[in-house]
Amino acid sequence: MRIFDRFVGRLLISAARLLTGAYANWLGCKPEPRQRLYFANHASHLDFLLLWGMLPPALRHKTRPVAGADYWNASALRRYVIHRVFRGVLVTRGGGAAGSDLLAPLREALAAGDSLIFFPEGTRSPDGEIQAFKSGLYHLAHDYPQVEFVPVLMENLSRVMGKGEFLPVPLICVLSFGTPLALAPDEAKPAFLTRARQALIDLLPAR
Amino acid sequence: MTLSADLPLQLSARVPEAAREATLWLFLGVGAVLVFASLVGALLRWRLGPQNSVVANLNARIKAWWVMVAVIGLAMLGGHTGVVLLFGLVSFLALREFITLTHTRRGDHLALLACFFLFLPLQYLFVWQNWYGMFSIFVPVYAFLLMPFLACLGHDTTNFLARATQTQWGLMICVYAISHVPALLALQIPGFAERNLLLVIFLILVVQSSDVLQYVWGKLLGRRKIAPNVSPSKTLEGFLGGVASATALGAAMWWITPFTPLQAAGMALAITLMGFAGGLVMSAIKRDRGVKDWGHLIEGHGGMLDRLDSVCFSAPIFFHLVRYFFTP
């Protein structure tokens, strides 16, 4: 079954690439087999599929997208795709029970040595602009200093399939991978989150 | 000598018999040129070293040419349908590059979906049907009027005119203009029945060799820049040398066309001049948008539109010149 799951994964990636002609721009780092957390701007449902698809297969199988449990657990097909094809890490959005750690599934995956794909805005941007980051990224950077935090700017995805659209328009998407970021000693939460967001904005080409 | 007799009949069955022999010879000719170019590329690489970026780019271009010629050859084995499908796909990739560089907004979503999934397939359907009365006006009349209306449904008037014009331009250049290449197959030229495929090859060979020869002449002799603000790599020497030699090449190919040698030279001259205009205009758009290439689809060349900018401008003119002077 594992072979079939990977085949489905390839199929989905090919479809997404055919549609978007996506290509990766490894600017600040190379695709290396290190434990990483790729954090990117979030504009469409295609986002993590494309980012995941841009990684070489060997890295891809060790990299798991973080996705919202409410959306992905809603139907049998979605459950199959997120669990078996992407081996996604599901989080409950919009606050769970008081005191529960929303990041627990992510910690589990990082502790097991997996890499993650993470969208620190928490939800898809309504207009394509990069929103303020939620605090999750800071907590993970604080607790897992050995992990490389790689900013990935995904261009044009809001135009391809913005929030509320059902059919994608085929446009070329560029995924720019920036220089890995680490939490500085004594760096406060807001400062780190602002710096991380700026790292994404800095990857925008000057136009 | 009959070459095509050796080719398995099933393989070339969709290529009209009248065009088979000449098509095969032309592909062998292009293959010979590419073998020669590859040898020169290898020699330059050996002499100047693999670090030389001009030589590396040259070799990437030659390698991409092999692939492009193979793809065109495969499409031609599919006959009329194969050629229409190939250029439909080419239009799709070109339009994708064009719209990527425009300033569309969320309100354009429906209009853009229509461009890619309604107007483009319909235009090629009409071309495939040989329905001249429709494909020659479909984009400028029907798509042109329907598209801004669809954009209105997005309830966003910011830069509306600019958005509508840019999208319309994309459709005209990438879909309408390019579709005139396979439309050549629909022309009914007396005494030239079943051989229209050769007109497609004539156009592609003249326009692309003009690009290549302008590049070669420019690299060898180029001094005076012809339009430094628009396209810094184009030189007067490259332009004159390229146009002259591509026109001569076109004249030398008169035997595959319904033209006399002089007429073939005239057609080739019109094609190369329009191709030059297309290269310049498309370059101006790139410069305005702050990019060097339209995309990254073809190694060494850039995007689909980087290879096709000259075809976009020459195909409709060539089509109408042939239609006006050579069909009843």
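Residues numbered from 1 in each chain as written. Chains lettered and ligands numbered in written order. Predicted model: local features only at pLDDT ≥ 70, side-chain atom pairs only at ≥ 80, totals over all residues. Heavy atoms only, no water.

## With respect to the overall build of chain B
A count of helices and strands for chain B gives 13 helices and zero strands. Relative to the 2.2 N^0.38 estimate, which gives 20 Å for 328 residues, the radius of gyration of chain B is 20 Å and therefore close to what a compact globule would have. Among the 328 residues that make up chain B, the fraction classed as buried is 51%. For chain B, the accessible surface area stands at approximately 15,600 Å², while carbon and sulfur atoms represent 69% of it. Counting 22 positive and 14 negative side-chain charges, chain B places the averaged centre of each group 7 Å from the other. (Helix = DSSP H or I, 4+ residues; strand = E, 2+ residues; numbered from the N terminus. Rg over C-alpha atoms; globule rule 2.2 N^0.38 Å. Buried < 20%, exposed > 50% of the residue type's maximum accessible area, 1.4 Å probe, protein only. Areas by Shrake-Rupley, 256 points an atom, 1.4 Å probe, with all protein chains shown as cover. Lys, Arg positive; Asp, Glu negative; His and termini not counted. Charge placed at Lys NZ, Arg CZ, Asp CG, Glu CD.)

## Here's the deal with the side chain of Gln214 of chain B
Inspection of the secondary structure assignment puts Gln214 of chain B in helix α10 (residues 197-221). With residues up to four places along the chain from it excluded, the contact list for Gln214 of chain B reads Gly238, Phe239, Gly242, Val243 and Phe276 of chain B. (Contact = heavy atoms within 4.5 Å.)

## Description of the domain arrangement of chain B
Residues and elements named next belong to chain B. One can read the domain layout of chain B as domain 1 (17-77), domain 2 (80-186) and domain 3 (193-328). Here domain 2 and domain 3 have C-alpha centroids that lie 23 Å from each other. At the junction of the two partners, domain 2 supplies 22 residues and domain 3 supplies 27 residues. Of the roughly 2,200 Å² buried between domain 2 and domain 3 on both sides combined, carbon and sulfur atoms contribute 79%. Among the residues of domain 2 in contact with domain 3, Glu97, Leu101 and Leu184 are the three that bury the most area, contributing 32% of the side total. Our count for the contact surface shared by domain 2 and domain 3 stands at zero salt bridges. Those elements that provide at least two residues to the side of domain 2 that touches domain 3 are α4 (79-100), α6 (132-135), α8 (160-177) and α9 (180-183). The leading source of residues in the side of domain 2 that touches domain 3 is α4, at seven residues. (Domains from an automatic or database assignment. Buried area = accessible area lost by both parts, 1.4 Å probe. Salt bridge = Lys/Arg side-chain N within 4 Å of Asp/Glu carboxyl O.)

## Some thoughts on the pattern of salt bridges
Residue and element names in this part refer to chain A. The tally for this structure, following the rule as stated, stands at 17 salt bridges over all chains. For Asp5, the salt bridge goes to Arg84, with nearest N and O atoms at 3.1 Å. Of this pair, Asp5 sits in helix α1 (residues 2-20) while Arg84 sits in helix α5 (residues 76-85); the two residues are 79 residues apart in sequence, bridging distant segments of the chain. Among the residues examined, Asp5 registers a relative accessible area of 0% and is labelled buried. Across the pair Asp114 and Arg64 runs a salt bridge, and its minimum N-O distance is 3.1 Å. Placement of the pair is Asp114 in the loop between α6 (104-111) and β5 (115-118) and Arg64 in strand β3 (residues 63-68), with a sequence separation of 50 residues. Looking at Asp114, the relative accessible area reads 10%, which means it is buried. One network of salt bridges, with partners in common, ties together Glu32, Arg34, Arg36 and Glu148.

## Overview of α1 of chain A
Taking 1.5 Å of rise per residue, the 19 residues of α1 of chain A would be expected to cover 27 Å, and the 27 Å separating its terminal C-alpha atoms lies within 8% of that figure. The elements touched by buried residues of α1 of chain A are α2 (47-54), α3 (57-60), α5 and α8 (157-161) of chain A together with α4 of chain B. Remark: Gly21 of chain A follows α1 of chain A within two positions and exhibits a positive phi of approximately 50 degrees. (Expected span 1.5 Å × (residues − 1).)

## Quick notes on the sheet that holds strand β2 (residues 36-40) of chain A
All names here are of chain A. Reading across the sheet, the seven strands line up as β1-β7-β6-β2-β5-β3-β4 and stay open at both edges, with mixed pairing between neighbours. Edge positions in the open sheet fall to β1 (23-26) and β4 (89-91), since each of these has one partner strand only. The sheet shows a mean angle of 25 degrees between the axes of neighbouring strands, direction not considered. Bridge count for β2 against β5 is three bridges, and the pairing is parallel. Counted as the bridge partner of Leu37 is Leu116 from β5. Packing against the sheet, α2 makes contact with β1, β2, β3, β5, β6 (148-154) and β7 (174-177), and its axis sits at approximately 65 degrees to β7. Sheet strands touched by helix α9 (residues 189-201): β2 and β6. Its angle to β6, the strand with the most contacts, is close to 45 degrees. (Pairing = 2+ DSSP bridges. Axes fitted to C-alpha atoms, helices over the stretch in contact; angles between N-to-C directions.)

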